[in-house]
Amino acid sequence: MIIRLLTENDNIAHEKIASQAWCFTTDFSGLSLPAQIMPGAFDEKTGALMADMEVYDRKLGFFGDTLNCAAIGGVASKPEYRNRGAIRAVFNETFSALNEKYNWDVSVLYPFSLDYYRQFGYESAGDCLEIN
């Protein structure tokens, strides 16, 4: 497995993974990557994109202090590559090599499943509120 940042040449491969993971159709014309930081896992034999995620470099206010934050979104994998460690490899890259570059103090995400993301060290930080 090869882990590297996606480039604009990976737009269509990313869009295919996202549309399969979240069941939406897409128009492949005029695409651009949704985030500037997008680590992906590629099959070393075929070069196919197996999984990727969006990482946004943000600041987070915390008790009057400012923390560097990796905001994680768009975690997706192609169905045929699931359960092969691709997402774990992408998370490991994010929290090692990328963290050295961006010096993140924390990371946050909005999980589809808290049980799934616990394996990566995430825990619920609060309840969901709906305000009308």
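Residues numbered from 1 in each chain as written. Predicted model: local features only at pLDDT ≥ 70, side-chain atom pairs only at ≥ 80, totals over all residues. Heavy atoms only, no water.

A few points about the nonpolar core
With 20 residues, the main nonpolar core has M53, V55, I72, V75, F91, Y117 and Y122 as its most contacted residues. Residue assignment for this core shows that the elements contributing at least two residues are β3 (49–62), β4 (65–77) and α2 (86–102). With five residues, α2 is the largest single contributor of residues to this core. Leaving out residues up to four positions away in the same chain, M53 has contacts with I37, M38, P39, I72, G73, G74, V75, V90, F91 and T94. Among the nonpolar cores identified, the runner-up in size contains eight residues, and L6, I17, L33 and A35 belong to it. (Core = buried A, V, L, I, M, F, W, Y, C linked by side-chain atoms within 4.5 Å. Buried < 20%, exposed > 50% of the residue type's maximum accessible area, 1.4 Å probe, protein only. Helix = DSSP H or I, 4+ residues; strand = E, 2+ residues; numbered from the N terminus. Contact = heavy atoms within 4.5 Å.)

Section: helix α1 (residues 11–22)
If you check α1, its first and last C-alpha atoms are 16 Å apart, about what twelve residues at 1.5 Å a residue would give, namely 16 Å. Considered for burial, the residues of α1 that qualify are N11, H14, E15, I17, A18 and S19. Next to the buried residues of α1 lie β3 and β4. (Expected span 1.5 Å × (residues − 1).)

Remarks on α2
The largest bend in α2 amounts to roughly 30° and is located at T94. Those residues of α2 not exposed but buried are A86, I87, A89, V90, F91, T94 and L98. Looking at the residues trailing α2, positive phi occurs at N103, about 55°. (Bend = angle between axes of the 7 residues up to and from the residue.)

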